[in-house]
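Inside the fold
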Amino acid sequence: MQEDTIAAISTAMGGSGIGIVRISGPEALTVGDRVFFSPGGKKRLIDQKSHTIHYGYIRDEGQTVDEVLVSLMLAPRSFTAEDTVEINCHGGVYATRRVLETVLKNGARPASPGEFTKRAFLNGRIDLAQAESVIDVIQAKNEYALRSSVSQLKGSLSRKVNQLREQILYETAFIESALDDPEHYSLDGYPERLRTRTEELLNEMESLIASADNGRMIREGIQTVILGKPNAGKSSLLNVLAGEDRAIVTDIAGTTRDTLEETITLGGITLNVVDTAGIRSTEDRIEQIGVEKAKDKAEAADLILYIADSSRTMDENDEKILALLDGKNTIVLLNKSDLPSVITKEDVREYTKNRFPVIEVSAKKETGFDEFERLLKEMFYHGEISFNDEVIITGARQKAELVSAASSLRKVLESISMGLPEDFFTIDLMDAYSALGRVIGKEVGEDLVNEIFSRFCMGK
């Protein structure tokens with residue numbers, strides 16, 4: 001595959017100031033010279049130094065296609081670790097396509113999705129965990145997601161995994177050496193030393209695994225469901241968070257009968273917010289369906305915003321809502337603080353048995369939301385995430401391999417407890433070593449590599 005030269009448009013298709021057509025492979029400079037012409041007509045790209053930029057034109061059968069700047073990055077100092085030519089042309093859809101068509105006519109083939117990053121991985125410039133972080137950078141929805149993805153791109157997860165693998169390999173090598181050369185390597189008391197070391201490794205892995213839920217929420221957003229009685233202000237809250245009128249708001253109870261979803265970024269945190277039908281007993285069949293959907297959404301939520309109405313007393317409908325909150329991260333928003341209060345924060349705390357934080361807000365006056373934002377960060381990210389120190393798992397594949405590695409280490413502990421011979425330890429240690437290797441792309445099959453990179457956008 002890597003003997004041919006590929007090309008693709010690497011910028012979004014649309015009206016823009018600049019579009020980039022990327023060429024990568026052994027014939028990238030040759031293809032570039034076939035389509036690029038300097039003003040004097042004498043400059044050849046193949047004679048130029050790496051990391052230089054050249055002004056000229058792209059021509060197709062003697063006709064000028066566009067005025068361009070061409071960047072050269074020679075192997076191995078490029079994204080793919082191959083010779084790379086990037087043509088910076090005007091960003092119109094047609095102009096960029098014409099430049100690409102001209103390049104393809106002159107010796108390059110169209111790149112498949114993610115093929116540039118795949119080549120970077122296969123050429124050893126980045127590992128698989130870093131490659132996966134590339135798509136996370138592109139798809140980042142907020143500041144936390146971007147910082148986490150950039151940290152992984154720089155190798156934070158890879159370094160941690162390699163450290164764990166080195167320690168496992170050391171223990172395995174020691175056991176093998178002792179079994180082969182018992183005169184020079186003693187296993188006396190070694191099982192207990194290995195138990196201590198394995199428990200330390202297992203704790204580190206479990207910390208990484210535990211970070212996966214936060215990692216998912218950083219990348220995908222917090223699945224947030226708004227619950228409350230009819231007319232408590234759920235739809236008004238959604239409108240405030242969205243910064244626009246996304247939901248119909250009236251003083252008629254039961255206006256919202258279906259779920260309404262909106263993605264919102266609040267203080268650098270992405271919330272995938274679902275507004276639901278007001279929960280109450282009703283004979284209206286359509287409203288009953290809406291209430292059931294609200295309950296289903298609550299079951300799958302990461303966070304529930306329970307909207308209580310400070311101008312009304314608690315009743316049996318609030319009891320039904322409380323039954324949905326067991327085991328859920330919940331924030332109670334005591335709405336309508338701009339109106340005369342019938343119930344207070346203390347009343348709500350007592351009613352909910354002090355299980356959840358309570359914040360007074362007014363969706364109408366848009367007050368109280370600074371405190372809500374602060375609490376949100378504390379609940380999910382402990383106030384601040386230090387990306388210099390903390391490694392966060394963001395991918396389901398990475399988490400699955402870490403779970404497999406941890407399971408193998410637990411088997412090592414079981415073997416020690418059962419007093420099994422030392423050669424039993426090495427089997428599970430090497431299984432853990434292999435599982436960790438798959439996190440960063442060691443010992444992975446071609447099918448998995450192809451599946452991962454097929455999710456990338458064209459041109460990356």
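Just above, that's the structure.
Overview of the structure. Since the structure is predicted, the reported quantities are computational estimates derived from the model, not experimental observations. Within each chain, residue numbers correspond to sequence positions counted from 1 in written order. Given that this is a predicted model, residues contribute local features only at a pLDDT of at least 70 and side-chain atom pairs are listed and counted only at 80 or more, while totals for whole chains, interfaces and linings are drawn from all residues. Here the side-chain values reflect all heavy atoms present in the structure, with hydrogen atoms and water set aside.

Residue Ala75 is joined to Pro76 through a cis peptide bond whose omega torsion reads 0 degrees. The backbone of Glu61 shows a phi angle near 55 degrees, a positive value even though the residue is not glycine. By secondary structure assignment, the location of Glu61 is in the loop between strand S4 (52-60) and strand S5 (63-73). Working definition: with a 1.4 Å probe on protein chains only, accessible area under 20% of the residue-type maximum means buried, over 50% means exposed, and in between means partly exposed. Exposure remark for Glu61: the relative accessible area of 70% places this residue in the exposed category. In the Ramachandran plot, Asn231 falls in the positive-phi region, its phi being about 70 degrees despite a non-glycine side chain. For the purposes of this entry, the term helix denotes a DSSP run of H or I that reaches at least four residues, the term strand denotes a run of E that reaches at least two, and both are numbered from the N terminus. Structurally, the position occupied by Asn231 is in the loop between strand S8 (222-228) and helix H8 (234-242).

What follows covers the pattern of salt bridges. We define a salt bridge as a side-chain nitrogen of Lys or Arg found within 4 Å of a carboxyl oxygen belonging to Asp or Glu. Using the criterion set out here, one finds 26 salt bridges in the structure. Asp4 serves as the salt-bridge partner of Arg109, at 2.5 Å between the closest nitrogen and oxygen. Here Arg109 is found in strand S7 (residues 109-110), whereas its partner Asp4 is found in the segment before strand S1 (6-9), with 105 residues between them in sequence. Judged by relative accessible area, which is 26%, Arg109 ranks as partly exposed. Among the ionic pairs, Asp309 bridges to Lys336, the shortest N-O distance being 3.0 Å. Taken together, the residues span a long stretch of sequence, with Asp309 in strand S11 (residues 303-309) and Lys336 in the loop between strand S12 (329-335) and helix H11 (345-351) at a distance of 27 residues.

Let's shift gears to the packing of aromatic side chains. What counts as a ring pair is set by centres within 6.5 Å for rings of Phe, Tyr and Trp (its six-membered ring), and what kind of pair is set by the plane angle: stacked under 30 degrees, edge-to-face over 60, tilted for all other angles. For the structure on display, the rule yields four aromatic pairs. Consider the rings of Phe121 and Phe453, whose centres lie 6.1 Å apart with planes at 35 degrees: the pair is tilted. Here the residue Phe121 occupies a position in helix H3 (residues 115-122), and Phe453 occupies one in helix H15 (residues 446-453), the gap between them amounting to 332 residues. Here Phe121 matches Phe453 in class, with each residue buried. A connected cluster of aromatic rings, assembled from ring pairs, spans Phe174, Tyr185 and Tyr190. Sitting above the plane of the Phe116 ring, Arg22 keeps its charged end 5.1 Å from the centroid. Cation placement over rings: the criterion is NZ of Lys or CZ of Arg within 6 Å of the ring centroid and within 35° of the ring normal.

This paragraph deals with the sheet that holds S11. The mixed open sheet is built from six strands, whose spatial order is S9-S10-S8-S11-S12-S13. The open sheet is flanked by strand S9 (260-266) and strand S13 (358-360), the only strands paired with a single partner. The average undirected angle you get between the axes of adjacent strands in this sheet is 25 degrees. Here seven bridges tie S11 to S12, and the two strands are oriented parallel to one another. Bridged to Ile307 within S12 is Leu333. The pairing criterion is simple: DSSP has to find at least two bridges between the two strands. Only the contacting stretch of a helix is used when fitting its axis, a line to C-alpha atoms as for every element, and angles between N-to-C directions run 0 to 180 degrees.

This paragraph deals with the sheet that holds S5. Taken in spatial order, the seven strands of this open sheet run S3-S4-S5-S6-S2-S1-S7, and their pairing is mixed. The open sheet has two edge strands, strand S3 (36-37) and S7, and neither has a second partner. As paired elements, strand S2 (residues 18-24) and strand S6 (residues 84-90) share seven bridges and run antiparallel to each other. Residue pairing across strands places Ser24 opposite Thr84, the latter belonging to S6. The strands touched by helix H2 (residues 93-105) are S1, S2, S4, S5, S6 and S7; relative to S1, the strand with the most contacts, the crossing angle is about 175 degrees. By the convention used here, residues are in contact when the closest approach between their heavy atoms is within 4.5 Å.

Its 25 residues place the ends of helix H6 (residues 156-180) 36 Å apart at the C-alpha level, agreeing with the 36 Å of an ideal helix rising 1.5 Å per residue. Within H6 the residues assigned to the buried category are Ser156, Leu157, Ser158, Val161, Leu164, Arg165, Ile168, Glu171, Thr172, Phe174, Ile175 and Ala178. At its buried positions, H6 is contacted by helix H4 (128-139), helix H5 (143-153), helix H7 (190-220), helix H13 (396-417) and helix H14 (422-439). To estimate how far a helix should reach, multiply one less than its number of residues by 1.5 Å.

Here we come to the packing of H13 against H14. Orientation of H13 relative to H14, taken along the N-to-C sense of each, is 170 degrees, at an axis distance of 8 Å. The angle between the axes of H13 and H14 places the two elements in the roughly antiparallel class. Side by side, H13 and H14 meet where Arg397, Gln398, Glu401, Leu402, Ser404, Ala405, Ser408, Leu409, Lys411, Val412, Ser415 and Ile416 of the first sit next to Phe425, Asp428, Leu429, Asp431, Ala432, Ala435, Leu436, Arg438 and Val439 of the second. Each residue gets one of three labels, nonpolar for Ala, Val, Leu, Ile, Met, Phe, Trp, Tyr, Cys and Pro, charged for Asp, Glu, Lys and Arg, and polar for the others, Gly among them. Class assignment of the residues belonging to the contact of H13 with H14 gives a composition of eleven nonpolar, four polar and six charged. Should an angle fall under 35 degrees it is taken as roughly parallel, and over 145 as roughly antiparallel, whereas 65 to 115 is taken as roughly perpendicular and any remaining angle as oblique.

Ile168, Met205, Leu409 and Leu436 are the most contacted members of the largest nonpolar core, which totals 34 residues. With near-sequence residues (within four places) excluded, Met205 lies in contact with Leu164, Ile168, Ala405, Ala406, Leu409 and Leu436. Buried Ala, Val, Leu, Ile, Met, Phe, Trp, Tyr and Cys residues that are joined via side-chain atoms within 4.5 Å together make up what is termed a nonpolar core.

The subject of this paragraph is H14. Each α-helix turn comprises 3.6 residues. Residues three or four places apart therefore point the same way. Between its terminal C-alpha atoms H14 stretches 27 Å, which fits the 26 Å expected from 18 residues at 1.5 Å a residue. Where H14 is concerned, the buried positions are Glu422, Phe425, Thr426, Asp428, Leu429, Ala432, Tyr433, Ser434, Ala435, Leu436, Gly437 and Val439. Positive backbone phi, approximately 100 degrees, marks Gly441, located one or two places after H14.

Along the chain, Glu422 turns up in helix H14. Buried charge Glu422 goes without a salt bridge, the closest partner of opposite sign being Arg193 at 9.2 Å. Leave out the neighbours within four places in its chain, and Glu422 touches Ile175, Leu187 and Pro191. His residues and chain termini do not enter the charge count, which takes Lys and Arg as positive and Asp and Glu as negative.

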